[in-house]
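# Tertiary structure, described
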Amino acid sequence: MPEQTPLQTLLDTLPQIGRVEWIGIRPARGEPMEARDIVAVTPGKGLEGDRFKGRETSKRQVTLIQKEHLYAIASYLQRDAIAPEVFRRNIVVSGLNLLALKGKRFRIGNAVLEYTGLCHPCSKMETTLGPGGYNAMRGHGGITTRVVEAGDIALGDEVQVRK
């Protein structure tokens, strides 16, 4: 087996542990987000009560965004803050660079998720956030994941790479 390259060693070194700050479900298309303290997640179904209706292999079962990016987006729009439900992501995480999860499986609570890609903003952000909203979110929209192992995710749960 070949030795790891220095770059691969850097990519695999992720001692930080994140924390779940907010959980929300989208009960139906266009409906307001509903905040939750705890939610069950299931492979192929995503979060219980969420409108996600994809396939078992769907790459967008659960979406995450960094709390730190919410402040950046608000700043770009000359606002003090923007409520997490405005972004329509399922889970807000602090203390961990979500992009560092690329290619990895990770645990939140007793569920295991797998990074599947970036969660780009849609054109609705221009309407929701106002002029420039779409561009303010570019590069800050979070990530998409699929559920690997069912479990519960609760506010305050740790987010860490699965060992």
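Presented here is an overview of the structure given in this document. All of these numbers come straight from a predicted model, not from anything done at the bench. In this numbering scheme, every chain counts its residues from 1 along its sequence in written order. Residues qualify for local features only when their pLDDT is at least 70, as the model is predicted, and side-chain atom pairs are given and counted only at 80 or more; totals for whole chains, interfaces and linings, by contrast, use all residues. As a rule here, side-chain values cover all heavy atoms of the structure and leave hydrogens and water aside.

As a further point, take the side chain of Gln66. Helix and strand definitions here come from DSSP, where helices need a minimum of 4 consecutive H or I residues and strands a minimum of 2 consecutive E residues; each element is numbered from the N-terminal end. Mapped onto the fold, Gln66 is located in strand S5 (residues 62–66). On the basis of relative accessible area, Gln66 is assigned to the buried category, the value being 8%. Contacts described as polar in this section are N or O atom pairs within 3.5 Å, which, within protein, must combine one atom able to donate a hydrogen with one able to accept it, while residues neighboring in sequence count only if both atoms come from side chains. One polar contact links the side chain of Gln66 to the main-chain amide nitrogen of Leu98, over a distance of 3.0 Å. Beyond its immediate chain neighbours, meaning those up to four positions away, Gln66 contacts Val92, Val93, Leu96, Asn97, Leu98 and Leu99. Note on classification: 1.4 Å probe, protein chains only; a residue is buried when its accessible area is under 20% of the maximum for its type, exposed when over 50%, partly exposed between these limits. By definition in these notes, contact holds between two residues if any of their heavy atoms fall within 4.5 Å.

What follows covers the sheet that holds strand S4 (residues 46–47). Being paired, for any two strands, means DSSP has found at least two bridges between them. The strand order S4-S3-S10 describes an open sheet built from three strands, whose pairing is antiparallel. The open sheet is flanked by S4 and strand S10 (151–154), the only strands paired with a single partner. Pairing geometry for strand S3 (residues 38–42) and S10, over four bridges, is antiparallel. Each residue of the ladder has a partner; that of Ile38, found in S10, is Ala154.

Before going further, it helps to spend a moment on the nonpolar core. Ranked by size, the top nonpolar core spans 24 residues in total, and within it Leu64, Leu101, Phe106, Ile108 and Ile153 carry the most contacts. Within the residue set of this core, elements represented by two or more residues are strand S1 (18–25), S3, S5, strand S6 (91–94), strand S7 (105–108), strand S8 (111–118), strand S9 (143–149) and strand S11 (158–161). The next biggest cluster of nonpolar side chains, apart from the first, holds 14 residues, and it includes Met33, Ala74, Ile82 and Phe87. Remark: nonpolar core denotes a set of buried residues (Ala, Val, Leu, Ile, Met, Phe, Trp, Tyr, Cys) joined through side-chain atoms within 4.5 Å.

Next up on the list: the layout of surface pockets. Taken as a whole, the largest pocket spans an internal volume of roughly 430 Å³. Using protein atoms alone on a 1 Å grid, points that fit a 1.4 Å probe yet trap it form a cavity, whereas open point sets bounded by protein on both sides within 12 Å along at least five of seven lines form a pocket; residues with an atom within 4 Å of a point count as lining. For the largest pocket, the lining is made up of 18 residues, of which Arg26, Arg51, Arg60, Arg88 and Cys122 are closest to its centre. Amino acids are sorted into nonpolar (Ala, Val, Leu, Ile, Met, Phe, Trp, Tyr, Cys and Pro), charged (Asp, Glu, Lys and Arg) and polar (every other residue, Gly among them). For the lining of the largest pocket, a count of residues per class yields six nonpolar, four polar and eight charged. Grid points are joined across faces, edges and corners, and a volume is the space filled by probe spheres set on the points.

Here we come to the pattern of salt bridges. When a carboxyl oxygen of Asp or Glu lies within 4 Å of a side-chain nitrogen of Lys or Arg, that pair is called a salt bridge. All chains considered together, the criterion is met by five salt bridges. A salt bridge links Arg105 to Glu114; the shortest N-O distance between them is 3.3 Å. Overall, Arg105 belongs to the partly exposed group, its relative accessible area being 34%.

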